Amino acid sequence: MAQRGIREYDGKRILAEHWNKYFAPEFEYDFKSVLVTPQTDLDKLPEEYPWLKTLPLVAKPDMLFGKRGKLGLILFKKEKPCDVDYETAKEWIKKKMEEDVEIKGKKGKLTHFLIEPCVPHAQEDEYYVAMTLGQDGDHIFMSAFGGIDVEENWDKVREVVIPVLATDEEAEKLIEENVPEEIKDKERYADFVKRLYKFFKDMHFAYLEINPLVMVGNKIYPLDFVGRLDDTAQFLVGRKWGEIEFPAGFGGELTPEEKYIKEMDEKSGASLKLTILNPEGRIWTLVAGGGASVVYADTVADLGYVNELANYGEYSGNPSRAETREYVKTVLDLMTRKKDPQGRPKILIIGGAIANFTDVAKTFDGIIDAFKEYADKMKEVGVKIYVRRGGPNYEIGLARIKKAAEELGLPIEVYGPETHITAIVKKALTENP
Amino acid sequence: MGRPDYVLFDRNTKAIFWNLNRNAIQRMLDYDYTVGRTPSIVAIVAPTQNRKFEKFFFGTQEIMIPIYKSTVEAAEKHPEADVLVNFASFRTAYNVTIEALNVPTIRTVAITAEGIPERLARDMAHKAKQLGKWIIGPATVGGISAGAFRIGNAGGTIENIVKSKLHRPGSCGLVTRSGGLFNELSNIIARNADGIVEGIAIGGDRFPGSDFLDHLIRFQKNPQVKYMVVLGEVGGELEYKVAEAIKSGLITKPVIAWCIGTIAKHFGGEVQFGHAGAKAGADRETADAKNRALKEAGAIVPDSFNDFPEVIGEVYEDLKAKGEIGEIEEPEVPPIPEDYAKAVKAGKVRRPTNFICTISDDRGEEATYCGIPISEVVEKDYSIADVIGLLWFKKKFPAWASKFIDMVIKVVADHGPAVSGAHNAKVTARAGKDLMSCLATGILTIGPRFGGAIDGAAKYFKMAKERGMDPYEFVDYMKNVEKIPIPGIGHRIKSTKNPDKRVELLKNFAKENFPSTELLDYALEVEKVTTAKKENLILNVDGTIGVLLVDMFRNLGYTDEEIDELINAGAFNAFFVLGRSIGFIGHILDEKRLAMPLYRHPWDDILYDVRRPEEA
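For the structure given in this document, a descriptive report is provided here.

Conventions used here
Residues numbered from 1 in each chain as written. Chains lettered and ligands numbered in written order. Predicted model: local features only at pLDDT ≥ 70, side-chain atom pairs only at ≥ 80, totals over all residues. Heavy atoms only, no water. Pairing = 2+ DSSP bridges. Helix = DSSP H or I, 4+ residues; strand = E, 2+ residues; numbered from the N terminus. Axes fitted to C-alpha atoms, helices over the stretch in contact; angles between N-to-C directions. Contact = heavy atoms within 4.5 Å. Expected span 1.5 Å × (residues − 1). 1 Å grid on protein atoms, 1.4 Å probe; cavity = no way out; pocket = protein on both sides within 12 Å on 5 of 7 lines; lining within 4 Å. Points joined across faces, edges and corners; volume = space filled by probe spheres on them. Buried < 20%, exposed > 50% of the residue type's maximum accessible area, 1.4 Å probe, protein only. Disulfide = S-S within 2.5 Å.

1. What about the sheet that holds strand β5 (residues 81-86) of chain B?
All names here are of chain B. Pairing is mixed across the open sheet formed by 7 strands, whose spatial order is β3-β4-β2-β1-β5-β6-β7. The sheet terminates laterally at β3 (53-58) and β7 (134-136), the two strands that pair on one side only. Each strand axis lies, on average, 25° off the axis of its neighbour in the sheet, ignoring direction. Strands β1 (14-18), β2 (41-45), β3, β4 (61-68) and β5 of the sheet are contacted by helix α1 (residues 22-35), whose axis makes an angle of about 40° with β3.

Right, here's the structure in full:
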């Protein structure tokens, strides 16, 4: 992974934690945000944040999806704007946590909410600013017309590209020159955007959007904050991010098996990925290599079996025998939980291109280890195995896996680099339609 | 360099390799050997290495490649190298690349690291372009200029390289994103056509240092390249640049192109298929849209990846029919000697060993003492004596034997500062020497006159008893035949009336706990004879230990001959050496603590009797 979304809460928290370095004393930001999770004790929360009892509040889900206003998921008024007290917010959150909701076609429950003071402000103080990492440079978007209708007013948004190797002075000049005319206090807005851009760069954001950005005098109210961080910069600025979480998008929570593989991947020098597409599917893949895994998935779909494709994933970068074993066991476990309702055999595609340096024999030993543990279950649901692989020690690996499967009584067909990479998919699906 | 700007690597290309990655370096050299060129790597950069060079194989011969602390230093010494193969980790790869780009003699940097922050990767790419230099990667296996130069592990094993015809130029220019599929496509092109001229895997990151089109433009200019194969991926817009270049006539040679990731459309962009850069942010970035655009622009686009071989074969045959591609004479390939370790693993070779070890093994998960893991030794509360049993005698001692050994070590540990070994250790310590030297001095003093009585007593008492000498005969034998005092008999102050308490303890312990004490009993008979002559001719502590060790080993089932072997090997003396080392170390630490100055022996304690030599 590289670019990963963060919660609005974390975005604002990072902004606040570094405010003094980038924005003070010229700008002020009174950071008051509380993240509510299923573990939060809502009754005790005001003890830690007394302002919850004294200020009018806003509450909204904080789970990476946008358009919350239009979805009716921002609580900011009972009768008139900014009259929500803590009791009301608390009850609203409790109620919303119970409800099933559907967002962009995904069903699920709301689990994380943000509570903040309600900031009364005039429409004309709502600005827009966004920044993104592009091929040719950083793109900065500025507008005097922020708020939920910014997309309708996109023609009023000014875009400026800061070339990749531009100096700070050049960047500042470009920002200054491009501040939209409609902004009241152009100088101050430009000053803020310049500082925000430095923050954006230093913190390795890939995307940052504040909309609306309310600016009253030198007081800044980032009413909404959307951010994506480049997680590969963890080793450079992870400490500056503080305790950060990269949540899955709404409804995209990982299954325990996906989570297990992800945790293993994070600890390993090798690459281990698993996405379950359809746990009821009949076609399971164990493919080595990021490119090859896509080719196998493409081929299954091309042949018209996309609905039966159970998983997508890959192992690569010379994983150890033990890592491979754990990876394969996870897939085999999922695969052997249920029989195919129509009684057809299940298909296990062990595929891969011709490896550059991954030791095929070693990784296959890991696969064989897993076979030994799951042979009975595999026979029970009727698994047929199709193997195609090349690379260092592939002859040894292919011979061993064939022998092991046959000894365990598992039907297997084995092919080397002389067979086209995806030929086994066609073969498997023709033989087991 | 005398090479056209569209050629990044030829048979004379020299490279600096960053990071002492032995496998990858050896693979590059094996490739060089296979294609019949001189070694391509002239220097290695490894800032944390202290050695000045590393040995590698070139065929059956070994060559030395110098190691430098920095790229700048390596480049100064090797200005002929214009490629840096950057195998640094994702943490350092950026700095290494920037350093290399600033070196005037380096023109191309290939970066394998995956996980370089995108902002930094983008900076590198732009900086290289600004300087008119090339970056391949990051997050790539690299590439190959067939028959000329291989980057790192690209192409896989030498067998695969030859099978995929990567050891001599064909007529295709290949660019892929994925490294694994780079190999696969090289293979497909070799099987269905005549192989590649050059192949580059640009890497899976969002901002590759050079992209498809950068390389296609080089291929367009390279007369050896007759057609090109491009393998793109879902996500990003790089493939559109290729489509536009075909449309605009910048690229006129046939281009066979395909973007993988057509599956993504079935999952609404929710699933990340493939590399970091491979997620379609918009409809334009889907594989289908890009395949369509490439086809519309005039590229040859198969219906699926499955049809790649066929389409490549058709293009090749067509160009051959037109006479643009000729026959290739396959070069002779010298065999690469198999690596010894690999051949051993495969059971293909054997070699007699030079050493044997039967007491410990450090090859497994955990080192073992005589088959017992060290953790078990600790957990099961083995004593020092038990460890001695395992490592010296390969035995798990019964409790009585362990206890006895423990007593022996305690008893011999020290005998004050005046004895010669301790004295020497102290004098050496006062000369300012280190602990090892002082201890060695003390230990080197141990011999027939100091500390050697254990061996001697064991040897002579055992011999006498075996020969059936009665105690009187034995005493006479020692006096008349061996002409030495009996080892283990006699003490400076202790006597029958004033017995040595240590001896009493050892004797009592043995009487109570040893299954039998035959040699001790014999020695005590001898003692009766000697003490009758003189009161202080008692069986002393060395003698007691010596005879009891014989009794101990006999009770443990050793034969007389085996016990003789132990004595001759110095095993009995070893108990004294080990025990007394404790005392020596104590004296040495004492001297260090006291910080006493250099010792000089007083003149008045030496009788000087020095005369001029007599004339010869």
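2. Quick look at the sheet that holds strand β3 (residues 57-61) of chain A
All names here are of chain A. If you walk across this open sheet you meet the 3 strands as β2-β6-β3, and the pairing is antiparallel. The sheet is open, and its two borders are formed by β2 (34-36) and β3, each paired with just one other strand. Ignoring strand direction, the axes of neighbouring strands in this sheet form an average angle of 25°. Relative to strand β6 (residues 113-117), β3 runs antiparallel, the two sharing 5 bridges.

3. A look at helix α23 (residues 571-594) of chain B
Look at α23 of chain B: 35 Å from first C-alpha to last across 24 residues, which is about the 34 Å you get at 1.5 Å a residue. One or two steps after α23 of chain B, the chain reaches A595 of chain B, where phi turns positive at roughly 50°.

4. Describing empty space enclosed by the protein
Residue and element names in this part refer to chain A. By the definition in use, this model includes 2 cavities of 30 Å³ or more. Within this model, the largest cavity holds a volume of roughly 50 Å³. Forming the boundary of the largest cavity are D168, A171, E172, K194, Y197, K198 and K201. For the lining of the largest cavity, the secondary structure elements donating two or more residues are α6 (168-178) and α7 (186-202).

5. What about the environment of S495 of chain B?
All names here are of chain B. As for its position among the elements, S495 is in the loop between α18 (471-482) and α19 (501-513). We classify S495 as buried; its relative accessible area is 9%. Residues S495 and E330 lie 165 residues apart in sequence; the distance between their C-alpha atoms is 96 Å. Excluding its chain neighbours within four sequence positions, the residues that come into contact with S495 are E535, N536 and I538.

6. Considering the state of the cysteines
Applying the stated criterion to the full structure yields 1 disulfide over all chains. Here C82 of chain A pairs with C118 of chain A through a disulfide, and the sulfurs are 1.9 Å apart. Note on the C82 of chain A and C118 of chain A pair: the S-S dihedral is about -70°, so by sign convention the disulfide is left-handed. With C82 of chain A in the loop between β3 and α5 (86-98) and C118 of chain A in the loop between β6 and β7 (126-133), the pair connects residues that are 36 residues apart, well separated along the chain. A single burial state applies to C82 of chain A and to C118 of chain A, both of which are buried. Looking at the unpaired C259 of chain B, the closest cysteine sulfur is the one in C172 of chain B, lying at 16 Å. Judged by relative accessible area, C259 of chain B falls into the buried class, the value being 0%.

7. Considering unusual backbone geometry
Negative phi is the rule for most residues except glycine; trans is the rule for most peptide bonds. Backbone torsion omega between A24 of chain A and P25 of chain A reads -5°, so that peptide bond is classified as cis. Assignment of secondary structure puts P25 of chain A in the loop between α2 (19-22) and β2. Here the bond from G137 of chain B into P138 of chain B is cis, since omega is 0°, no more than 30 degrees from zero. Examined against the element boundaries, P138 of chain B turns out to sit in the loop between β7 and β8 (143-145). Residues other than glycine seldom take positive phi values, yet A139 of chain B does so here, at roughly 60°. Note that A139 of chain B resides in the loop between β7 and β8. Here K483 of chain B, not a glycine, exhibits a phi torsion of approximately 55°, which is positive.

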